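# Geometric and topological summary
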Amino acid sequence: QVQLVESGGGLVQAGGSLRVSCEASGSIYSVNAMGWNRQAPGKERELVATFYSGGSTNYADSVKGRFTIARDNAKNTVYLQMNSLKPEDTAVYYCNAYVKPMGAPYSWYWGQGTQVTVSS
């Protein structure tokens with residue numbers, strides 16, 4: 001069983017910063033990619049950023065230059081540092097990870113989501 005638990009969401013003014021974290025725990029053999037997605041009210045869930053096990057990253061065009069994804073492999077934790085936040089960044093942010101549990105194949109796992117609200 002694998003669990004992803006996010007933390008660090010909240011309310012911030014436009015132009016401010018926020019960091020969200022996500023820890024994967026449970027019966028884990030290996031973690032490949034870890035990343036963040038978000039879903040705003042009335043919109044589809046979209047990719048924000050991904051950190052691959054080889055060290056490469058990718059970002060949505062809308063957050064490039066403002067958001068930074070980082071990862072602590074020893075802690076199976078991924079972080080998203082969000083700077084210069086805009087009201088349009090308001091969404092529920094979901095962590096996901098491509099994990100190989102003990103005795104099972106790789107699968108995608110998702111966290112429960114953390115709300116980020118940016119006021120204008």
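Structural notes, computed from the coordinates. (Residues numbered from 1 in each chain as written. Predicted model: local features only at pLDDT ≥ 70, side-chain atom pairs only at ≥ 80, totals over all residues. Heavy atoms only, no water.)

### Structural notes on the sheet that holds strand β1 (residues 2-7)
Taken together, the four strands give an open sheet; going across it, the order is β1-β3-β8-β7, and neighbouring strands pair in antiparallel fashion. Each edge of the open sheet is held by one strand with a lone partner, namely β1 and β7 (67-72). Put simply, the sheet's adjacent strands are angled 15 degrees from each other on average, direction ignored. Bridging between β1 and strand β3 (residues 18-26) involves six bridges; their strand directions are antiparallel. Of the residues in β3, the one forming a bridge with E6 is C22. (Pairing = 2+ DSSP bridges. Helix = DSSP H or I, 4+ residues; strand = E, 2+ residues; numbered from the N terminus. Axes fitted to C-alpha atoms, helices over the stretch in contact; angles between N-to-C directions.)

### Re the state of the cysteines
Summed over the entire model, instances satisfying the criterion amount to one disulfide. With a sulfur-sulfur separation of 2.1 Å, C22 is cross-linked through a disulfide to C95. In this structure the cystine formed by C22 and C95 twists about its S-S bond by roughly -75 degrees; its chirality is therefore left-handed. Placement of the pair is C22 in strand β3 and C95 in strand β9 (residues 91-101), with a sequence separation of 73 residues. Here C22 and C95 have matching classes, each one buried. (Disulfide = S-S within 2.5 Å. Buried < 20%, exposed > 50% of the residue type's maximum accessible area, 1.4 Å probe, protein only.)

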